[in-house]
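# Coordinate analysis (summary)
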Amino acid sequence: MTVIEIESLTKSYQANRAVHGLSLRVEQGEIFGIAGPNGAGKTTVVECASGLRRPDGGTVRVLGLDPRTQRRELLQRIGAQLQEAALPDALRVGEALRMYAALYDRPADWRVLLDDWGLADKKRASFGSLSGGWKQRLFIALALVGNPEVVFLDELTTGLDPIARRTTWGLIRELRDRGVTVVLVTHFMDEAEALCDRIAIVDHGRVIAEDTPAALIAKQHSDSLEDAFFALTGRTLS
Amino acid sequence: MKGLRQVIAIELLLIVRDPMSAFFALAFPPLLLWVKLRGDEPLPGGLPEIDATVPMLSVFVIGQAALVVLPATLAQYRERRILKRLQATPASSALVFGAQWFAHLLLAAIGTVLLIALGFAVFDLSAPANVAAVLLAWFLGALSLGAIGLLIGALVPNARAATVIGLSLFFPMVFVSGAMIPREVTSESMRAVGDLTPMAPVVETIRDAWAGNALSPLTLSLMAAIALVAGCAAVRTFRW
Ligand SMILES: Nc1ncnc2c1ncn2[C@@H]1O[C@H](COP(=O)(O)OP(=O)(O)OP(=O)(O)O)[C@@H](O)[C@H]1O
Ligand SMILES: [Mg+2]
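Residues numbered from 1 in each chain as written. Chains lettered and ligands numbered in written order. Predicted model: local features only at pLDDT ≥ 70, side-chain atom pairs only at ≥ 80, totals over all residues. Heavy atoms only, no water.

Let us now look at the site of ligand 1. Residue and element names in this part refer to chain A. The environment of ligand 1 is formed by 15 residues, the closest being Asn-38, Gly-39, Lys-42, Thr-43 and Thr-44. Between ligand 1 and Asn-38, the relevant distance is 2.9 Å, taken from an oxygen atom to a side-chain nitrogen or oxygen of the residue. Between Gly-41 and ligand 1, the recorded distance is 2.9 Å, taken from a backbone N or O atom to an oxygen atom. Secondary-structure elements contributing two or more residues to the shell around ligand 1 are β2 (16-27) and α1 (42-49). (Near = heavy atom within 4 Å. Polar contact = N/O pair within 3.5 Å; in protein donor to acceptor, adjacent residues only side chain to side chain. Helix = DSSP H or I, 4+ residues; strand = E, 2+ residues; numbered from the N terminus.)

Here it is as structure tokens:
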């Protein structure tokens, strides 16, 4: 079953064409990666799909819903971890999860999320006092607090220490095994290779390749996904 | 509903945790009351000064919460992308507005109760002649000034601008509208200017209600109209 269908999506910021003519499909229960250079348009795609930005053109369907016209209904069923977001500094971790849970019709048990994401000890810590990695964990937990059928994770493990990254991978796989569809934007090719069922490489607002990690590597005759990424985007280290 | 209640509770908690807004909305007005009422000459017209001052300062409290604290909070939430995170949830802009308005109204209510308690305990304040009318006038005042605060919060580019605009509306307004200086002792020209501000009808109705004078239906409708127009404009111009 196709859960996300994006067809010829375009989005400009003033004269800057961030996304033009981007199409992709995500199937139910897969971990779908989006990778690409800085400024490629990844965040813009995720924000259009999760109802945070209005596309200029093209069609977007998530769970069969149009984010432009059925935003409220869609937002009950998806979760998002945004690349740039914050909470009030004085808000405590437990309070944030409790409040966000209350915004959904069928929320997850936020206390379980607190344990899953290792936040139990930080329950009474204020957002402003958390280090970058702890904020990141809280944002992942907040993305899941509505019991979503689809989660968008923009730069999932940026800022996490190596142990937290591995733990996160495990928890993301568990999510998929429960039937949740995961879309993750990442700059870490080892992460994409280890975690994603399929990957889209985005550059200049378009998908330039879309396949399983193994197939992407094979097609570029590369040794690793990272080499395949360099080959595809035409970027070399200089 | 459960969402709205949670957001309001959290919002109120955050306001109280911020020492500056808590001080200005809760501690400053009682301080003013104490400073202002050291002499006890009745006002021209014979009304004991305390019976005018407590209703007046309750408008000061409403204005402080609605025009200064609320727009700054909202603008800061936008600037720091706190609203952006909320936008990715089923929370509607109406819920954000409702919660902001209600939390700041509660802050003003607490401030008003403190003032009244101090008035009774220390200054021999007379009981309000018509409690229901006072509540109605206070509520309509909070509604109309709160809607203006929401509009400022929706329009300003950042928190600094919100504070500057909020304060530069609030301070002149409390002086000319009679929320700081009783209208009985201000000059005619000052009253004329004051009457053009949205704070004047609030001062007038709360004082009338306290003293037991009949409330003017025109003034009440004026406050309702301000609330409606500013509220609708705020909803239309809102950005996450
Ligand atoms: N709010 C905005 N206003 C103006 N331009 C923007 C805005 N957001 C993004 N852009 C521009 O749109 C283009 C795509 O940005 P986007 O954030 O989608 O890229 P990205 O692939 O997520 O990059 P990164 O890997 O750095 O996160 C960039 O050129 C960026 O400068
Ligand atoms: Mg991005």
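From this point, the discussion proceeds with the structure in view.
Now for empty space enclosed by the protein. Applying the stated criterion across every chain yields a total of three cavities of 30 Å³ or more. Taken together, 15 residues form the lining of the largest cavity, with Met99(A), Val7(B), Glu11(B), Tyr77(B) and Leu86(B) sitting closest to its centre. When contributions to the lining of the largest cavity are tallied by element, the ones reaching two or more residues are α3 (93-102) of chain A together with α1 (2-17), α4 (82-87) and α5 (93-123) of chain B. In terms of residues, the lining of the largest cavity owes the most to one element, α1(B), which gives four residues. Of the residues contributing to the lining of the largest cavity, the split by class is 13 nonpolar, one polar and one charged. (1 Å grid on protein atoms, 1.4 Å probe; cavity = no way out; pocket = protein on both sides within 12 Å on 5 of 7 lines; lining within 4 Å. Points joined across faces, edges and corners; volume = space filled by probe spheres on them. Nonpolar A, V, L, I, M, F, W, Y, C, P; charged D, E, K, R; others polar.)

On to the pattern of salt bridges, then. Residue and element names in this part refer to chain A. Under the criterion given, the structure shown has 20 salt bridges over all chains. Residue Glu-30 pairs with Arg-198 through a salt bridge whose shortest N-O separation is 2.8 Å. On the criterion of sequence distance, the pair formed by Glu-30 in the loop between β2 and β3 (31-35) and Arg-198 in strand β8 (residues 198-203) is long-range, its members being 168 residues apart. Each member of the pair, Glu-30 together with Arg-198, is buried. One salt bridge connects Arg-111 with Asp-109, and the closest N-O pair in it is separated by 3.3 Å. Taken together, the shared-partner salt bridges connect Glu-30, Arg-198 and Glu-210 into one network. (Salt bridge = Lys/Arg side-chain N within 4 Å of Asp/Glu carboxyl O. Buried < 20%, exposed > 50% of the residue type's maximum accessible area, 1.4 Å probe, protein only.)

Bringing the packing of aromatic side chains into the picture now. By the definition in use, this model includes twelve aromatic pairs over all chains. With 4.9 Å between their ring centres and 65 degrees between their planes, Phe97(B) and Phe238(B) make a pair best called edge-to-face. With Phe97(B) in helix α5 and Phe238(B) in the segment after α10 (217-237), this residue pair connects regions lying 141 residues apart in the sequence. You'll find Phe97(B) and Phe238(B) in the same group, each marked buried. Residues Phe170(B) and Phe171(B) carry aromatic rings whose centres are separated by 5.0 Å and whose planes lie at 70 degrees to one another, so their mutual orientation is edge-to-face. When the ring centre of Trp134(A) is taken as origin, the NZ or CZ atom of Arg137(A), which lies over that ring, is 4.0 Å away. Just above the ring of Phe188(A) sits the side chain of Arg165(A); from NZ or CZ to the centre is 4.6 Å. (Phe/Tyr/Trp six-rings, centres within 6.5 Å; stacked < 30°, edge-to-face > 60°. Lys NZ or Arg CZ within 6 Å of the ring centre and 35° of its normal.)

The grouping of Val164(B), Ile165(B) and Leu169(B) at the surface amounts to a nonpolar patch, some 230 Å² of accessible area in total. Positionally, Leu169(B) belongs in helix α7 (residues 159-176). (Patch = residues over 30% accessible without salt bridge, like charges linked within 9 Å, V, L, I, M, F, W, Y side chains within 5 Å. Areas by Shrake-Rupley, 256 points an atom, 1.4 Å probe, with all protein chains shown as cover.)

What follows is about the confidence of the model for chain B. In low-pLDDT segments, the atomic positions of the prediction should not be examined closely. Within chain B, residue pLDDT values average 92, and 99% of them lie at 70 or more. Here the prediction assigns the complex a pTM of 0.90, and the interface score ipTM is 0.91. (pLDDT = per-residue confidence, 0-100.)

Before going further, it helps to spend a moment on the sheet that holds strand β1 (residues 2-13) of chain A. All names here are of chain A. The sheet built from three strands is open, its strands ordered β2-β1-β4 with antiparallel pairing. In this open sheet, the two strands that pair with only one neighbour each are β2 and β4 (57-62). Strand-to-strand, the axes of this sheet are offset by a mean angle of 15 degrees, without reference to chain direction. Here five bridges tie β1 to β4, and the two strands are oriented antiparallel to one another. The residue bridging Glu-5 from the neighbouring strand is Arg-61, located in β4. Relative to β1, α1 is tilted by about 120 degrees, and along the sheet it contacts β1, β2 and β4. (Pairing = 2+ DSSP bridges. Axes fitted to C-alpha atoms, helices over the stretch in contact; angles between N-to-C directions. Contact = heavy atoms within 4.5 Å.)

All names here are of chain B. Estimated volume of the largest pocket: approximately 550 Å³. Asp-18, Ser-21, Val-69, Ala-72 and Thr-73 are, among the 22 residues lining the largest pocket, the residues nearest its centre. By residue number, the principal contributor to the lining of the largest pocket is helix α3 (residues 49-79), which donates seven residues. Of the residues that constitute the lining of the largest pocket, the class distribution is 13 nonpolar, five polar and four charged.

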